[in-house]
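Single-letter residue listing:
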Amino acid sequence: MGYLFETDEHAAIRATARRFAEHQIAPHGAAWEEDEEFPIELYKKAAAAGITGIGYPEAVGGQGGDISHVLVACDELIRAGRSVGTIVGLGTHGIALPPIVRFGTPEQHQRFVRPCLVDGAISALAITEPGGGSDVASLTTRAERDGDHYVVTGAKTFITSGTRAQFVTAAVRTGGAGHGGVSLLVIENKDFTVSKKLKKTGWWASDTAELHFDGARVPIANRIGPEHGAFPMIMMNFAGERLMLAAQCVAIAELAYRESIAYAKERKAFGKAIAGFQVTRHKLADMASRIAAARALTGEVCTRILRGEQPAGLAAMAKNTATDMCSFVCDQAVQIFGGYGYMRETLVERLYRDARLYPIGGGTREIMNELISKTEGY
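The rules behind each value
Residues numbered from 1 in each chain as written. Predicted model: local features only at pLDDT ≥ 70, side-chain atom pairs only at ≥ 80, totals over all residues. Heavy atoms only, no water. Helix = DSSP H or I, 4+ residues; strand = E, 2+ residues; numbered from the N terminus. Expected span 1.5 Å × (residues − 1). Buried < 20%, exposed > 50% of the residue type's maximum accessible area, 1.4 Å probe, protein only. Arc of directions from axis to C-beta. Contact = heavy atoms within 4.5 Å. Phe/Tyr/Trp six-rings, centres within 6.5 Å; stacked < 30°, edge-to-face > 60°. Lys NZ or Arg CZ within 6 Å of the ring centre and 35° of its normal. Salt bridge = Lys/Arg side-chain N within 4 Å of Asp/Glu carboxyl O. Polar contact = N/O pair within 3.5 Å; in protein donor to acceptor, adjacent residues only side chain to side chain. Patch = residues over 30% accessible without salt bridge, like charges linked within 9 Å, V, L, I, M, F, W, Y side chains within 5 Å. Areas by Shrake-Rupley, 256 points an atom, 1.4 Å probe, with all protein chains shown as cover. Core = buried A, V, L, I, M, F, W, Y, C linked by side-chain atoms within 4.5 Å.

Enquirer: Account for helix α1 (residues 8-25), naming residues and giving values.
Expert: The terminal C-alpha atoms of α1 lie 25 Å apart, and with 18 residues this matches the ideal 26 Å at 1.5 Å per residue to within 8%. Every buried residue of α1 is accounted for by H10, I13, R14, A17, F20, A21 and I25. End-on, the buried residues of α1 take up no more than an arc of 135°, which puts them together on one face. With respect to the buried face of α1, the exposed residues turned more than 90 degrees away are D8 and H23. Buried residues in α1 make contact with α2 (29-35), α3 (41-48), α4 (67-81) and α5 (84-90).

In structure tokens:
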């Protein structure tokens, strides 16, 4: 099943993404997960194949399209590529570039956006800090004006693609306390230090880093939008990120579900395939039902965004619904596989670990409930 908004154009994008994933990722994904990184050349291959530029204007080097095209491409990359860590690492430009595209200057588009979309340059988003996560308004990384530069001091953590990024789109404090003192700066890798490469429960093939800024001199020309005006940009970016995280959960769960069906038809117990037992069929039915519900809500959020709405509350609902669903489906997949589901050689074991990040990343489940509470008026 796909999304109700899909057209022939979406089908063509699915086919392109599927071919790329089947040839460039699937044969190597399991090894890359164990190696905890994928070849850096994959960024260039994805750009050359037109994958990286999906959803970005042609004027900045993209392939055109909108968020719905990005969503279906991601869906296909995960299901056909079978390596969530590779896909999320390959796709960090999807959260690093949108603020630059929306609020940056033409010169910034040429310096930062085009190299990623056309040449496979690597970018990352740097918001979270060692002392705080979802509370963006309390960030402490400081950027002090000094002539035509900012002097940046502080640290960021849990930065996906941070060890290899050529630049990060970073949230810094240029003013006073609270959300009104936050700005966005593009900081190139010559101006920060990777203080630690982090080891994670899942997403092994994606590198994750802690970054340190020690008096880095960043040109004012690298600021995105007005000084002290980044908080609304970050919140807008989060809404898109949460939609994509929900979509990733749908794709991961669909992959786990398909693996479970195939295994249940092949695995024999008490003289017949385990798919022949009602308890197994009902597990699969529950998995399919929850996937369909999460897909429907995720598709609705996407459709509303395309209509020009800003459904922040609904996006939070979609993220929570999809993350809960994904955790449930991957858990049930492991149960269906039994002892093999606990083995590292089995895909569903890895998907089970990968799924655990989603109720945390992009705003925790608890923060999503607070956002829902506010938009619902209580």
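After that view, the rundown keeps rolling.
Enquirer: Give me the lowdown on the packing of aromatic side chains, citing residues and values where you can.
Expert: For the structure shown, the criterion picks out 8 aromatic pairs. Ring centres of W32 and F38 lie 6.4 Å apart, and the angle between their planes is 45°; this geometry places the pair in the tilted category. Of the residues examined, W32 reaches a relative accessible area of 10% and is grouped as buried. Residue class for F38 comes out buried when judged on its relative accessible area of 2%. Aromatic side chains F192 and F213 sit 6.0 Å apart centroid to centroid with 70° between the ring planes, which places their arrangement in the edge-to-face category. Separated by 21 residues along the polypeptide, F192 in the loop between β5 (182-188) and β6 (193-197) and F213 in strand β7 (residues 208-219) bring together distant segments of the chain. Accessibility classification places F192 together with F213 in one group, the buried group. Three or more aromatic residues link up through ring pairs in this structure, and these residues are W32, F38 and Y43. Positioned over the ring face of F38 is R164, at 4.7 Å from the centre of the ring. Directly above the ring of W204 sits R353, whose terminal nitrogen or CZ lies 4.1 Å from the centroid.

Enquirer: If you had to explain the pattern of salt bridges to someone new, which residues and values would you point to?
Expert: In this structure the tally under the stated criterion is 25 salt bridges. The shortest N-O distance in the salt bridge between E34 and R344 comes to 2.7 Å. Of this pair, E34 sits in helix α2 while R344 is found in the loop between α11 (312-337) and α12 (347-355), placing the two residues 310 residues apart along the sequence. What makes R344 partly exposed here is its relative accessible area of 48%. Residues D191 and K190 are paired through a salt bridge, measuring 3.1 Å at the closest nitrogen-oxygen approach. With relative accessibility at 17%, the residue D191 sits in the buried group. Judged by its relative accessible area of 61%, K190 falls in the exposed class. Three or more residues joined by partner-sharing salt bridges are found here, namely E6, R14, R18, D75, E76 and R79.

Enquirer: Go over the side chain of D75, please, and point to the residues and values.
Expert: Topologically, D75 is positioned in helix α4. Within the local environment of D75, its side chain forms a polar contact with the side chain of R14, the two groups lying 2.8 Å apart. Non-local contacts of D75, meaning those with residues more than four positions away in its chain, are made with R14, A247 and A251.

Enquirer: Go over a nonpolar patch on the surface with me, naming the residues and quoting the values.
Expert: On the surface, Y340, Y342 and M343 cluster together to form a nonpolar patch covering roughly 370 Å² of accessible area. By the secondary structure assignment, M343 is in the loop between α11 and α12. A relative accessible area of 36% places M343 in the partly exposed class.

Enquirer: Explain unusual backbone geometry to me, using residue names and the numbers behind them.
Expert: Of note, the phi angle at W203 is positive, near 55°, even though the residue is not glycine. If you trace the backbone, W203 turns up in the loop between β6 and β7. Overall, W203 belongs to the buried group, its relative accessible area being 10%. One non-glycine residue, F270, lies in positive phi territory at about 55°. Take F270: it is sitting in the loop between β9 (268-269) and β10 (272-273).

Enquirer: Lay out the nonpolar core with the relevant residues and their values.
Expert: Judged by nonpolar contacts, the single largest core of 88 residues is most densely connected at V152, V168 and I187. Tallying contributions element by element places helix α9 (residues 230-266) first for this core, with 15 residues. When residues no more than four places from it in sequence are discounted, the contact partners of I187 are V152, F167, V168, A170, F192, F213 and V218. Ranked by size, the runner-up nonpolar core spans 25 residues in total, among them V113, L125, V136 and L184.

Honestly, it's all geometry; don't read function into it.
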